Every structure is written in structure tokens, then in C-alpha cells.
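Tertiary structure, described
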Amino acid sequence: LDAVMDGTGLASFDFDPQNLTFKPSPRLNRLYGFAGDHHLTIEDLRARYFPPEGEDYVREAQRRVADTTLHAYELDMRLKMPDGKAKWINGRGEYIRDGAGKAVRSRGFVMDITARKELEQTRELLLKELDHRIKNLLATVGAIGAQTLRGNITLEQARTNLDGRLQVLARAHELVTTHQWQDMDMREVVEMALSPHHAGRGPDYPLGAQIEVEGPFCLLTPKRGL
């Protein structure tokens, strides 16, 4: 059991809600950033609460203790560790109550879920970024369509021009994603953008004699490259 708890970042707690005291637990101490032989107090825990959520955590704990019908509970808390970094923990426990419903004991487990929380935050940021990029892409496609259909042009010419321009846009995104949204060489970007004008009229042909590309090595950010 000790090996499993150490490997999963679990720690047990046994708390007296009336005297606000914990039974000794070296593993719980270490989870909260204290020495294993520290005598953990409720003030120690509250000092770890990340502001401004800390006040909400205290009020919510008081509400749970006062609710005579509440037995099992679960909560996520963000802590501020001594090194300034944030740590997320998930707590699951139960209240042992007397005949009048008064909480006389609280026991359960807490687990370090920082990695999971950081993954959720990253996913949320990526979804927002994806939404932003899709809106920009649709605006670009609309502008390309408007430019293609401008002036005296036949339907066949419009179809050919629009298809070529959309293919270039697709290759631009392919170039950016190939580099995994990292900086890229300006030469790659220029050659990709000029690919519709290849002598062979295809992306697999080298640039024709009518186009020459010169210049030093220069990195572009993904946004500028696109």
C-alpha cells in the first residue's frame, strides 16, 4: 500500500473538524510541501491555498461541516508551494457524524493532479487558438474568393484561379504544420508561395529560369510565415 501511494502521489488524511487537528502523516506533510516530521495544522494548509481562491476554500469547508446531511465529498484545490509554483490536488473524503449530525471526524485521500490540470489548461488554450485560426482562415478564403471574382472573368477562369489560390493556401498551412508551428526558413516560404508559377506548373518542379530566389538564411515566426 505504501508503494502504491508513493507511486501515485496519494496521501491519506484523518482530521478532527472540531479541534482542527490532523493525525500525523509524513506523506501528507510532504504533499503539502512540509518536512515529514512536521506537525501539520489547519493553518499550515490554509497558508498553502492559492490566492484568491483560498477564502472560497475556507467558506466551502465550513459549509460542508455544517451540512448535517453531507457525508461524502470531493474537491479540487490549487496550492501555492514554497517555490512559488502551483500544485493542484484532488481530495476525496467522508465525514463521520454523531447522532445529531455533528461532524466529529473527516478522513480520506488527497492526490497530486497537477499534470492533469496543466493538460486541461493546455487543451483549453489550444481550442481557443484553433477557433481563432479557423476564423482567420475563413476570412482569408472569403478575401481570396472576392479577389478572384473581381473584374471581367469567365467562370472557367475563376474556377481555375480560385482552385490554384486555395491550393497555395493549403500548402501554406501544410508548411506551418510540418514545422509544428515553429520558426521556419524564409526561403521555404518564398518557394512555396511561388510554386504555382513553376516552369512545370506543379509543386514538384524546381523554380523556372524566369524566377530566381536569393537571400541569407532568415527565420520567420509561424504567424509571419503563414
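So, here is what we can say about the structure in this document. (Residues numbered from 1 in each chain as written. Predicted model: local features only at pLDDT ≥ 70, side-chain atom pairs only at ≥ 80, totals over all residues. Heavy atoms only, no water.)

Turning to the overall build of the chain, a few remarks are in order. Of regular secondary structure, the chain possesses eight helices and seven strands. Expected size for 226 residues packed as a compact globule is a radius of gyration near 17 Å; at 30 Å, the chain overshoots this value by more than 25%. When the 226 residues of the chain are sorted by exposure, 31% land in the buried category. Sequence separation of 24 or more characterises 48% of the internal contacts of the chain that already satisfy a separation of 6 or more. Working note: accessible area of the chain is about 15,100 Å², and carbon and sulfur atoms make up 56% of it. Counting 31 positive and 33 negative side-chain charges, the chain places the averaged centre of each group 4 Å from the other. (Helix = DSSP H or I, 4+ residues; strand = E, 2+ residues; numbered from the N terminus. Rg over C-alpha atoms; globule rule 2.2 N^0.38 Å. Buried < 20%, exposed > 50% of the residue type's maximum accessible area, 1.4 Å probe, protein only. Contact = heavy atoms within 4.5 Å. Areas by Shrake-Rupley, 256 points an atom, 1.4 Å probe, with all protein chains shown as cover. Lys, Arg positive; Asp, Glu negative; His and termini not counted. Charge placed at Lys NZ, Arg CZ, Asp CG, Glu CD.)

Closest axis-to-axis distance for the helix H6 (residues 155-178)/helix H7 (residues 186-193) pair is 10 Å, and the angle between their directions is 160 degrees. Taken together, the axis directions place H6 and H7 in an arrangement best described as roughly antiparallel. Of the two elements, H6 crosses H7, and the hand of that crossing is right-handed. Taken together, the residues of H7 that come into contact with H6 (itself represented by Val168, Arg171, Ala172 and Leu175) are Glu188, Val189 and Met192. Taken together, the residues that form the contact of H6 with H7 break down as five nonpolar, no polar and two charged. (Axes fitted to C-alpha atoms, helices over the stretch in contact; angles between N-to-C directions. Parallel < 35°, antiparallel > 145°, perpendicular 65-115°, else oblique. Left-handed = near helix turned anticlockwise from the far one by under 90°. Nonpolar A, V, L, I, M, F, W, Y, C, P; charged D, E, K, R; others polar.)

Glancing now at the sheet that holds strand S2 (residues 21-22). The strand order S2-S1-S5-S4-S3 describes an open sheet built from five strands, whose pairing is antiparallel. Edge positions in the sheet fall to S2 and strand S3 (72-80), since each of these pairs with one other strand and no more. Summarising the sheet, strand S4 (residues 86-97) and strand S5 (residues 103-112) pair through nine bridges and their orientation is antiparallel. Paired with Ile96 across the bridge in S5 is Arg105. (Pairing = 2+ DSSP bridges.)

Now for helix H4 (residues 53-66). Here H4 is 14 residues long and its end C-alpha atoms lie 20 Å apart, about the 20 Å a rise of 1.5 Å per residue gives. Burial in H4 covers these residues: Glu53, Gly54, Tyr57, Val58 and Arg64. Buried residues along H4 cover an arc of 145 degrees about the axis, so they all sit on one side. Opposite the packed face of H4, turned more than 90 degrees from it, sit the exposed residues Glu55 and Ala66. The inward-facing, buried residues of H4 contact helix H3 (42-48), S3 and S4. (Expected span 1.5 Å × (residues − 1). Arc of directions from axis to C-beta.)

Another point: the packing of aromatic side chains. By the definition in use, this model includes three aromatic pairs. We note Arg48 situated over the ring of Phe34; from NZ or CZ to the ring centre the distance is 4.1 Å. A cation sits over an aromatic face here: Arg78 above Phe50, 3.8 Å from the ring centre. (Phe/Tyr/Trp six-rings, centres within 6.5 Å; stacked < 30°, edge-to-face > 60°. Lys NZ or Arg CZ within 6 Å of the ring centre and 35° of its normal.)

For the rest of this paragraph, the subject is the packing of helix H5 (residues 114-148) against H6. Their axes nearest at 10 Å, the elements H5 and H6 cross at an angle of 155 degrees. As summarised for this structure, H5 and H6 are arranged roughly antiparallel, according to the angle between their axes. In this structure, H5 meets H6 at a crossing whose hand is right-handed. Where H5 approaches H6, its residues Leu137, Thr140, Val141, Ile144, Gly145, Gln147 and Thr148 are matched on the opposing element by Ala158, Asn161, Leu162, Arg165, Leu166, Leu169 and His173. Its residues placed into classes, the contact of H5 with H6 shows seven nonpolar, six polar and one charged.

Both faces of the sheet carry side chains from a regular strand, because those side chains alternate between them. Of the two faces of S3, only one is covered, namely that formed by Tyr73, Leu75, Met77 and Leu79; the face formed by Ala72, Glu74, Asp76, Arg78 and Lys80 stays uncovered. The pairing of S3 with S4 spans nine bridges and is antiparallel. Directly across from Glu74, in S4, lies its bridge partner Arg92. The antiparallel hairpin formed by S3 and S4 contains five residues in its connecting segment, where Gly84 sits at a positive phi of about 90 degrees.

Below, the discussion takes up a nonpolar patch on the surface. Residues Leu127, Leu130, Ile134 and Leu138 make up a contiguous nonpolar surface patch of roughly 400 Å² in combined accessible area. Residue position: Ile134 is located in helix H5. Residue class for Ile134 comes out partly exposed when judged on its relative accessible area of 42%. (Patch = residues over 30% accessible without salt bridge, like charges linked within 9 Å, V, L, I, M, F, W, Y side chains within 5 Å. Salt bridge = Lys/Arg side-chain N within 4 Å of Asp/Glu carboxyl O.)

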